[in-house]
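Observations on chain architecture
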2 protein chains.
Amino acid sequence: MILNWYIFLYPDKTFNSANSDFSRQQPKEKLGFQLKTPKGTKDYNEKEMVVREKMFLAVKEIFKKHGAVAIDTPAFELKDVLANKYGEDSKLIYDLAVQGGEACSLRYDLTVPFARFMAMHGKTYQQQMRRYQIAKVYRRDQPAMTKGRLREFYQCDFDIAGQYDPMIPDAEILRILCEALDALDIGSFTIRLNHRKILDAIFEVCGVPEPAIRSISSAVDKLDKLPWEEVQREMTEQKGLEPAVADKIGAYIRLQGGQQSLLDQLREDENLMKNKNAIEGLADMELLFGFLDALGIRDKVTIDLSLARGLDYYTGIIYEAITIDGEVGSIAAGGRYDNLVGMFGGRNSKGKPSLQIPCIGVSIGIERIFSILMARQNSEIKSNESEVYVVSVGDGLLKERMQILRELWDAGIKASFMLKNKPKLEKQWAACRKDQIPLAVIIGPDEINRNEIRLKDMRFKDESQGSGIVVKRSNMIATLKSRLQVL
Amino acid sequence: MILNWYIFLYPDKTFNSANSDFSRQQPKEKLGFQLKTPKGTKDYNEKEMVVREKMFLAVKEIFKKHGAVAIDTPAFELKDVLANKYGEDSKLIYDLAVQGGEACSLRYDLTVPFARFMAMHGKTYQQQMRRYQIAKVYRRDQPAMTKGRLREFYQCDFDIAGQYDPMIPDAEILRILCEALDALDIGSFTIRLNHRKILDAIFEVCGVPEPAIRSISSAVDKLDKLPWEEVQREMTEQKGLEPAVADKIGAYIRLQGGQQSLLDQLREDENLMKNKNAIEGLADMELLFGFLDALGIRDKVTIDLSLARGLDYYTGIIYEAITIDGEVGSIAAGGRYDNLVGMFGGRNSKGKPSLQIPCIGVSIGIERIFSILMARQNSEIKSNESEVYVVSVGDGLLKERMQILRELWDAGIKASFMLKNKPKLEKQWAACRKDQIPLAVIIGPDEINRNEIRLKDMRFKDESQGSGIVVKRSNMIATLKSRLQVL
């Protein structure tokens with residue numbers, strides 16, 4: 001339960017997740033324009049930031065457990081770098097205005113920048129790297145704020161680049177995905193898995209013309225959202241496929257069964273097993289499931305022959321994690337892309353790519369998971385970490401409070417006070433409670449004269465505390481620190 | 001020494017800070033365009049990221065110690081939000097291309113977005129907030145990469161918004177700045193401090209016409225880089241000031257002395273003390289130094305009447321931190337800006353701003369400090385956190401290695417292995433050493449049969465370790481964990 005680290009229940013408070021006027025826009029009249037964030041973007045308030053930071057921390061820990069390093073790339077790239085990578089989604093790319101100089105675009109994902117990075121710096125790393133990157137990406141999509149679909153959003157990527165033996169990095173990536181989703185504490189999930197080569201083999205044996213394969217593939221990808229009849233209609237009416245071919249595809253991709261049973265059905269299909277892609281894809285899958293067994297995550301994975309994934313650049317296994325109760329759809333996705341880095345390496349004299357660094361990666365849908373976790377919060381989120389509030393009784397005692405704060409801060413204690421000369425007592429208590437600060441140090445003229453303070457533990461409504469426990473000034477730091485350990 | 005948290009010296013390695021070909025661009029021939037990051041931007045490699053993350057963590061800890069919450073705002077804002085905020089620097093703002101929809105620009109700093117945030121959401125927070133934000137900002141400036149001046153760079157801001165009593169938040173901000181610079185371990189520094197009201201009073205009594213004040217102020221601001229004669233020439237020849245007026249200004253802003261002596265000199269100046277701004281500014285300063293005393297940082301601050309700061313929106317004290325050896329110039333800066341939020345609130349029927357939330361803030365020049373810290377690193381930076389490397393002797397033992405890794409990962413141990421079926425022994429050792437992994441778990445057929453592993457501590461060149469210490473498989477996790485605590 002990572003979200004409990006800095007959260008504690010405060011008496012008499014209930015959680016108001018709504019914060020309902022937070023995203024309210026200001027009226028236009030007075031200002032000449034409407035005061036708001038750009039379409040599809042939002043401000044994150046302090047409670048949302050607590051949850052987000054905890055999520056990032058949890059995921060980073062898992063990535064580091066698997067030997068990853070962090071890198072960072074600019075938020076925008078040369079327009080040429082992003083060109084011809086995203087198919088028809090390229091229209092969603094944000095361009096910067098050309099204000100004299102290079103044509104640039106905001107990054108659309110973290111995968112293409114990583115491939116560009118490996119093409120530029122791969123030599124420094126012997127063409128191998130396991131890196132994570134958590135950063136914002138930008139898409140001029142139609143926003144659906146309530147579903148967590150924004151124009152500016154975080155991606156959380158882990159990739160393994162390098163030439164290794166078959167299916168070993170693939171198995172580790174799936175293990176990492178399982179560990180990360182467990183660490184995020186989102187509940188039960190399953191990973192739908194397919195292989196581009198098996199899918200391509202199905203298209204080939206069913207008789208899809210080679211140039212139409214990616215287009216038919218993206219129709220298949222919609223089967224989780226649309227009934228088969230509509231997908232079939234897209235294939236035939238929109239994309240001109242023979243109805244008989246579409247029917248054959250439909251029969252394959254709707255095959256059901258456990259891992260072994262599905263693989264067996266494919267292996268027994270003589271027609272399919274004459275296809276080179278099918279043979280290779282099946283061998284990969286059988287190898288992979290052996291490794292998933294050794295890594296203890298075989299039962300988290302189901303084969304789904306209808307999973308196609310939108311992006312063109314995948315070349316091997318593809319996968320998508322979904323929550324079991326299925327409320328939000330895909331919460332992570334990825335696949336193997338062996339040729340993307342090579343697209344930045346140019347071609348040799350024989351017209352072949354002169355650089356190849358095979359890669360596999362996963363992108364965790366941190367915004368969707370964030371929506372789930374925020375909706376699930378049923379306790380107040382403490383967004384500051386203040387531990388001690390310094391209260392004065394009587395005549396303000398501003399410099400005296402400052403001297404106490406200096407001691408607290410010097411000792412590394414998180415402390416605050418009211419920034420007023422002569423604050424009213426009730427207002428100080430209200431501020432302390434509002435910020436859910438667990439301990440209060442109280443001073444008045446008497447305490448100052450006697451070199452004492454009074455200490456009140458705000459977490460307990462304990463009458464015996466009265467107006468606070470008297471503590472010698474020289475014991476103040478030690479007493480506070482031992483109290484804070486109880487926290 | 002925050003940078004030592006995950007860094008340790010590895011035998012026989014020296015630090016190669018150069019990584020000299022890291023930013024090398026790829027030739028253009030093969031690709032049709034030059035493979036590089038956009039002008040003024042850079043990739044951060046894994047070692048730079050370790051240093052950067054540690055810096056952020058250190059600074060965040062200080063901010064949280066002072067009760068701050070985090071917020072996040074979009075990387076771009078409506079163009080109208082940034083308009084008329086940055087004077088002649090507005091030409092450096094990056095615009096997004098208008099692709100149908102609103103005109104937007106990348107943020108130029110974090111202050112204006114924070115003011116926009118407070119204007120929109122201030123009510124939710126009773127017009128008060130202490131927030132930090134660490135995020136990238138964008139300026140189409142002439143880059144000077146070696147000096148750390150980039151077009152995309154991080155800012156690290158802390159601000160206190162709200163109506164409080166005079167100079168109390170101001171004193172705490174300076175205390176926070178001192179703590180943050182100490183935490184970053186940059187060595188000795190001093191804070192140059194001035195007050196906009198005193199500066200304005202000087203301009204007024206010297207006879208600068210009111211409309212010219214900000215322009216003359218920005219000439220004064222160059223005195224730390226240019227000799228007085230050149231600043232004087234800018235005032236008179238470029239900006240049309242009477243030479244006699246410039247001379248009077250020169251006499252004031254070059255006044256030298258300790259805090260009290262300087263304040264006394266100003267107070268004894270009858271001419272100046274007839275000026276309302278001078279009276280108010282001096283009162284502020286005297287109050288402030290009393291508070292700085294109580295907070296234990298008075299000796300870190302020097303008054304510098306020539307400090308003017310470029311931005312127009314400051315209204316009270318302004319300040320800038322510099323390292324004592326002065327190698328890199330300003331490493332942090334800020335000031336009080338009481339009217340910026342009001343610029344987003346429109347005006348009431350009497351033409352006055354209908355919203356006012358006074359603010360004070362500081363921005364830590366994290367990129368410059370990063371350059372100092374990177375240059376100072378003289379030990380190898382371990383950029384991965386791997387603790388254990390699993391090595392097989394003999395026939396690969398891939399699944400056996402995977403089963404061990406599964407146990408290690410389940411136990412939360414950061415572990416890796418070579419992603420090959422039958423890796424050569426020397427290559428495994430080389431990988432373990434390259435990643436500076438402290439412990440190796442070794443298995444061969446004999447160990448597997450006897451339910452044992454062998455353990456080797458790579459940090460010690462200890463002959464008695466021989467080919468490793470034999471450990472029962474059932475004790476493996478406990479033994480590794482206790483070894484790792486020695487780390």
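In the annotation of an unreviewed UniProt entry, chain A is listed under the name Histidine--tRNA ligase, mitochondrial and assigned to Apophysomyces ossiformis. Its UniProt record gives chain A a comment under Sequence similarities (unreviewed entry), which states: "Belongs to the class-II aminoacyl-tRNA synthetase family." Regarding chain A, the UniProt comment filed under Catalytic activity (unreviewed entry) reads as follows: "tRNA(His) + L-histidine + ATP = L-histidyl-tRNA(His) + AMP + diphosphate + H(+)".

Between chain A and chain B, the residue contacts involve 111 residues of the former and 111 residues of the latter. Of the roughly 9500 Å² buried between chain A and chain B, counting both surfaces, carbon and sulfur atoms make up 58%. On inspection of chain A and its partner chain B, the count reaches 16 salt bridges. Put simply, Asp72(B) and Arg52(A) hold a salt bridge, and the shortest N to O gap is 2.7 Å. At the junction of chain A with chain B, the criterion picks out 44 residue pairs in polar contact (both at pLDDT 80 or more). Among the elements that make up the side of chain A that touches chain B, the one with the highest residue count is helix α1 (residues 46-65) of chain A (eight residues).

Take the sheet that holds strand β15 (residues 469-472) of chain B next. Residue and element names in this part refer to chain B. Taken together, the five strands give an open sheet; going across it, the order is β12-β11-β13-β14-β15, and neighbouring strands pair in mixed fashion. The outermost strands of the open sheet, each flanked by one partner alone, are β12 (415-417) and β15. Pairs of neighbouring strands in the sheet enclose a mean axial angle of 30°, with direction left out of account. Inspection of the sheet shows strand β14 (residues 452-457) paired to β15 by four bridges, in the antiparallel sense. Looking at the pairing, Arg454 lines up with Val470 of β15. Docked against the sheet, helix α12 (residues 398-410) engages β11 (388-392), β12, β13 (439-443) and β14, running at close to 170° with respect to β12.

The next subject is the packing of helix α5 (residues 196-206) of chain B against helix α6 (residues 213-220) of chain B. Residue and element names in this part refer to chain B. Here α5 crosses α6 at 110°, and the two axes come no closer than 11 Å. Between α5 and α6, the angle falls in the class roughly perpendicular. Counted together, Arg196, Leu199, Asp200, Phe203 and Glu204 of α5 and Ile213, Arg214, Ile216, Ser217 and Val220 of α6 form the full contact between these two elements. Taken together, the residues of the contact of α5 with α6 break down into five nonpolar, one polar and four charged.

The next point concerns the environment of Ile404(B). Residues and elements named next belong to chain B. The topology assignment puts Ile404 in helix α12. Sequence separation of Ile404 and Ile453 is 49 residues, and the distance between their C-alpha atoms is 9.6 Å. Discounting chain neighbours no more than four positions away, the residues touching Ile404 are Val390, Val441, Ile443, Ile453, Arg473 and Met476.

Glancing now at empty space enclosed by the protein. According to the stated counting rule, one finds two cavities of 30 Å³ or more in the structure shown. Roughly 140 Å³ of internal volume is contained in the largest cavity. Those elements that provide at least two residues to the lining of the largest cavity are β1 (69-70) of chain A together with α1 (46-65) of chain B. When residues in the lining of the largest cavity are grouped by element, the largest group, five residues, is from α1(B). Of the residues that constitute the lining of the largest cavity, the class distribution is seven nonpolar, two polar and six charged. Around the second largest cavity, the lining residues are Tyr44(B), Arg52(B), Phe56(B), Tyr154(B), Ile366(B), Glu367(B) and Phe370(B). Of all the elements in the fold, those that place two or more residues in the lining of the second largest cavity are α1 and α11 (366-376) of chain B. At three residues, α11(B) tops the list of elements feeding residues into the lining of the second largest cavity. Taken together, the residues of the lining of the second largest cavity break down into five nonpolar, no polar and two charged.

Thresholds, definitions, all that
- Residues numbered from 1 in each chain as written.
- Chains lettered and ligands numbered in written order.
- Predicted model: local features only at pLDDT ≥ 70, side-chain atom pairs only at ≥ 80, totals over all residues.
- Heavy atoms only, no water.
- UniProt positions renumbered as here; feature names shortened; annotations may be inferred.
- Contact = heavy atoms within 4.5 Å.
- Buried area = accessible area lost by both parts, 1.4 Å probe.
- Salt bridge = Lys/Arg side-chain N within 4 Å of Asp/Glu carboxyl O.
- Polar contact = N/O pair within 3.5 Å; in protein donor to acceptor, adjacent residues only side chain to side chain.
- Helix = DSSP H or I, 4+ residues; strand = E, 2+ residues; numbered from the N terminus.
- Pairing = 2+ DSSP bridges.
- Axes fitted to C-alpha atoms, helices over the stretch in contact; angles between N-to-C directions.
- Parallel < 35°, antiparallel > 145°, perpendicular 65-115°, else oblique.
- Nonpolar A, V, L, I, M, F, W, Y, C, P; charged D, E, K, R; others polar.
- 1 Å grid on protein atoms, 1.4 Å probe; cavity = no way out; pocket = protein on both sides within 12 Å on 5 of 7 lines; lining within 4 Å.
- Points joined across faces, edges and corners; volume = space filled by probe spheres on them.

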